[in-house]
Amino acid sequence: MYLSAATWQEIEARIKSGKKSIIIPIGSHEQHGPTGLIGTDAMCPQIILDEAQKQADILIGPNFGVGQAQHHMAFAGSMTLRPSTMIATIVDWTNSLAHHGFTHIYWLNGHGGNCATINAAFCETYHQYSMKGESAPFKHLLMNWWELPGITKFCMDLFPVGHGSHATASEVALTYWRFKERESLNQLKLEPKIAPSGSIRDALDYRKQFPDGRIGSDPTTATIELGGKIVEASVKALLESFKEFEKA
Ligand code: NI
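The rules we used
- Residues numbered from 1 in each chain as written.
- Predicted model: local features only at pLDDT ≥ 70, side-chain atom pairs only at ≥ 80, totals over all residues.
- Heavy atoms only, no water.
- 1 Å grid on protein atoms, 1.4 Å probe; cavity = no way out; pocket = protein on both sides within 12 Å on 5 of 7 lines; lining within 4 Å.
- Points joined across faces, edges and corners; volume = space filled by probe spheres on them.
- Helix = DSSP H or I, 4+ residues; strand = E, 2+ residues; numbered from the N terminus.
- Nonpolar A, V, L, I, M, F, W, Y, C, P; charged D, E, K, R; others polar.
- Pairing = 2+ DSSP bridges.
- Axes fitted to C-alpha atoms, helices over the stretch in contact; angles between N-to-C directions.
- Contact = heavy atoms within 4.5 Å.

Here the focus is the layout of surface pockets. Empty pockets left among the atoms are what a rolling probe the size of a water molecule brings to light. By volume, the largest pocket amounts to about 420 Å³. Together, 25 residues line the largest pocket, and Gly112, Trp146, Ser165, His166 and Thr168 are the ones closest to its centre. Of all the secondary-structure elements, those providing two or more residues to the lining of the largest pocket are α5 (151-158) and α6 (169-178). When residues in the lining of the largest pocket are grouped by element, the largest group, 3 residues, is from α5. For the lining of the largest pocket, a count of residues per class yields 7 nonpolar, 15 polar and 3 charged.

Printed below as a string of structure tokens:
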């Protein structure tokens, strides 16, 4: 079930019946190299959730699709929030949901660069309760989709060489599974075949170190078929992980 496709009466009844949890897909719009799509990090959590809601009664919130991507701003199409904007927005989303009685907010994340800021935002939401000596009426969980139980190993077994850390073969495969007409991008010849690895600073430094945008990856091994396998495994892992969180 999608919050955006529900009526207020349906949500009110759902909360009154004790279903007080929601999953927010969160990611980024940033370049993903010559063979990857700009919305990859926003779409990967959404793709997993779109399949998961066919199998279980979960409530999916709006896609928080622009995050921390200052280091990608030397590549056309990338968008970024400042950390302060993102923290303020997560706080406002949280307070809105808590206002209606949601108690469990599960953030399924598609972009590693968001983690520090999301965790800072969680601290900001809990701060007011801690300072009053009260328990916060909600709990957050941040879960990177590739860190769902068993999924890192699953992806590394599918792509033992050149998985990489940005524009990874697995995330690119997920998007090809969803946007099948984009799979032909994997025919491009990339030079070098496996991109260099290194640390990240500002946007111009990033483009100098990683000229085509990839880090450590050869995403030309991504296919629709392998993407489908990752989606299937991730849906199963997500539903188990979410069920555990709801019990907490
Ligand atoms: Ni990514």
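That was the structure; now back to the text.
Okay, the sheet that holds strand β3 (residues 139-144) next. Reading across the sheet, the 3 strands line up as β1-β2-β3 and stay open at both edges, with parallel pairing between neighbours. With one partner strand each, in any of the chains shown, β1 (21-26) and β3 form the two edges of the open sheet. Along the sheet, successive strands turn relative to each other by an average axial angle of 20°, direction set aside. Bridge analysis of strand β2 (residues 104-109) against β3 gives 6 bridges, and the strand direction is parallel. By the bridge assignment, Asn109 is partnered in β3 with Asn144. Lying over the sheet, helix α8 (residues 224-247) contacts β1, β2 and β3, oriented at roughly 150° with respect to β2.

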